[in-house]
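# Coordinate inspection notes
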Amino acid sequence: MNEEKRKSEAESRLLHYLSQHHMRCTPERMMILGKVVGFRSSFTSSSLLRSLTDDGFHISQATVYNSLRLLETAGIVRKRLVEGGIDTYEYSSGVDNHISLVCSRCGRSKVIKDVEIVKALNLRRFPSFVMNGFDLYIRGLCSKCRSGGRVKK
Ligand SMILES: [Zn+2]
């Protein structure tokens, strides 16, 4: 999906959510949304703030944080599992499934595709619950941490 399409899709999801919850569509919220959609990988609230400040926007950390909370509740970003104590976020297109390999030592994570796991989980039926997606985190050690922290050149 190209960036423009991702952006307009995310915008309509946010507008829908805001109107459903009788909330205002503020320029700050739309600006933050645009940034979030543009990130190609996961980000933290401070890297988001930095990137907004770099673009010349004056916005407080609290506004960024509150907007992220809103986007998270609206299902547009998701908070990733972290081991290092810093929340990282990523853009979420909504209905899709995510399988990530997470290093329990350095916290690095990598999204993988696994047709077999997706197939198995999609076939699962749960009593009085309809699944519409999943996030699966598989913990372990990445190659860097496994080699004792030496950085391979
Ligand atoms: Zn690691």
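The text that follows walks through the structure, step by step, so that each part is easy to find. Note that the structure is a prediction, hence the values are computed from the model and not measured.

With that out of the way, let us pick up the overall build of the chain. Of the regular secondary structure elements, the chain holds 6 helices and 5 strands. Reading the chain from its N terminus to its C terminus gives the helix and strand order α-α-α-α-β-β-β-β-α-β-α. C-alpha extents for the chain along the principal axes are approximately 45 × 45 × 30 Å. Per-residue burial for the chain yields a buried fraction of 29% across its 153 residues. Within the chain, contacts between residues separated by at least 24 positions form 52% of all contacts whose residues are at least 6 apart in sequence. Total accessible area computed for the chain in this model is approximately 10,100 Å², and 53% of it derives from carbon and sulfur atoms.

Right, let's get into the sheet that holds strand β5 (residues 135–140). Within the open sheet, the 3 strands sit side by side as β4-β3-β5. Their pairing is mixed. Of all strands in the sheet, those bounded by a partner on one side alone are β4 (109–112) and β5. Taken over all neighbouring pairs, the strand axes of this sheet differ in orientation by 25° on average, direction set aside. Note: strand β3 (residues 98–103) against β4, 4 bridges, orientation antiparallel. For isoleucine 99, the partnering residue across the bridge sits in β4 and is isoleucine 112.

Contact geometry of helix α3 (residues 45–54) with helix α4 (residues 61–73) gives a least axis separation of 10 Å together with a crossing angle of 120°. By the angle between their directions, the pair α3 and α4 is classed as oblique. Considering only the axes of α3 and α4, their crossing is right-handed. Each of Ser45, Ser46, Leu48, Leu49 and Leu52 in α3 lies in contact with α4, whose residues at this interface are Gln61, Val64 and Leu68. Residue composition of the contact of α3 with α4, by class: 5 nonpolar, 3 polar and no charged.

Around the zinc ion, the protein supplies Cys103 (SG), Cys106 (SG), Cys142 (SG) and Cys145 (SG) as donor atoms, at distances of 2.2 to 2.3 Å. Coordination of the zinc ion draws on donor residues from a single chain, spaced C-x2-C-x35-C-x2-C in sequence. Residue cysteine 106 is located in the loop between β3 and β4, and its partner cysteine 142 is located in the loop between β5 and α6 (143–146); the two are separated by 36 residues in the primary sequence. Take cysteine 106: its relative accessible area is 38%, and that puts it in the partly exposed class.

As a further point, take the pattern of salt bridges. This model, assessed by the stated rule, comprises 4 salt bridges. A salt bridge links lysine 35 to aspartate 55, with the nearest nitrogen and oxygen atoms 2.6 Å apart. With lysine 35 in helix α2 (residues 27–38) and aspartate 55 in the loop between α3 and α4, the pair connects residues that are 20 residues apart, well separated along the chain. A relative accessible area of 23% means that lysine 35 is categorised as partly exposed. Since its relative accessible area comes to 45%, aspartate 55 is described here as partly exposed. The closest approach of N and O atoms between lysine 79 and aspartate 87, which form a salt bridge, is 3.4 Å. We classify lysine 79 as partly exposed; its relative accessible area is 31%. Each of the salt bridges in this network shares a partner with another, and the network as a whole consists of Arg78, Glu90 and Asp135.

About the thresholds
- Residues numbered from 1 in each chain as written.
- Predicted model: local features only at pLDDT ≥ 70, side-chain atom pairs only at ≥ 80, totals over all residues.
- Heavy atoms only, no water.
- Helix = DSSP H or I, 4+ residues; strand = E, 2+ residues; numbered from the N terminus.
- Buried < 20%, exposed > 50% of the residue type's maximum accessible area, 1.4 Å probe, protein only.
- Contact = heavy atoms within 4.5 Å.
- Areas by Shrake-Rupley, 256 points an atom, 1.4 Å probe, with all protein chains shown as cover.
- Pairing = 2+ DSSP bridges.
- Axes fitted to C-alpha atoms, helices over the stretch in contact; angles between N-to-C directions.
- Parallel < 35°, antiparallel > 145°, perpendicular 65-115°, else oblique.
- Left-handed = near helix turned anticlockwise from the far one by under 90°.
- Nonpolar A, V, L, I, M, F, W, Y, C, P; charged D, E, K, R; others polar.
- Donors = N, O, S within 2.8 Å, 3.2 Å for Na, K, Ca; no water.
- Salt bridge = Lys/Arg side-chain N within 4 Å of Asp/Glu carboxyl O.

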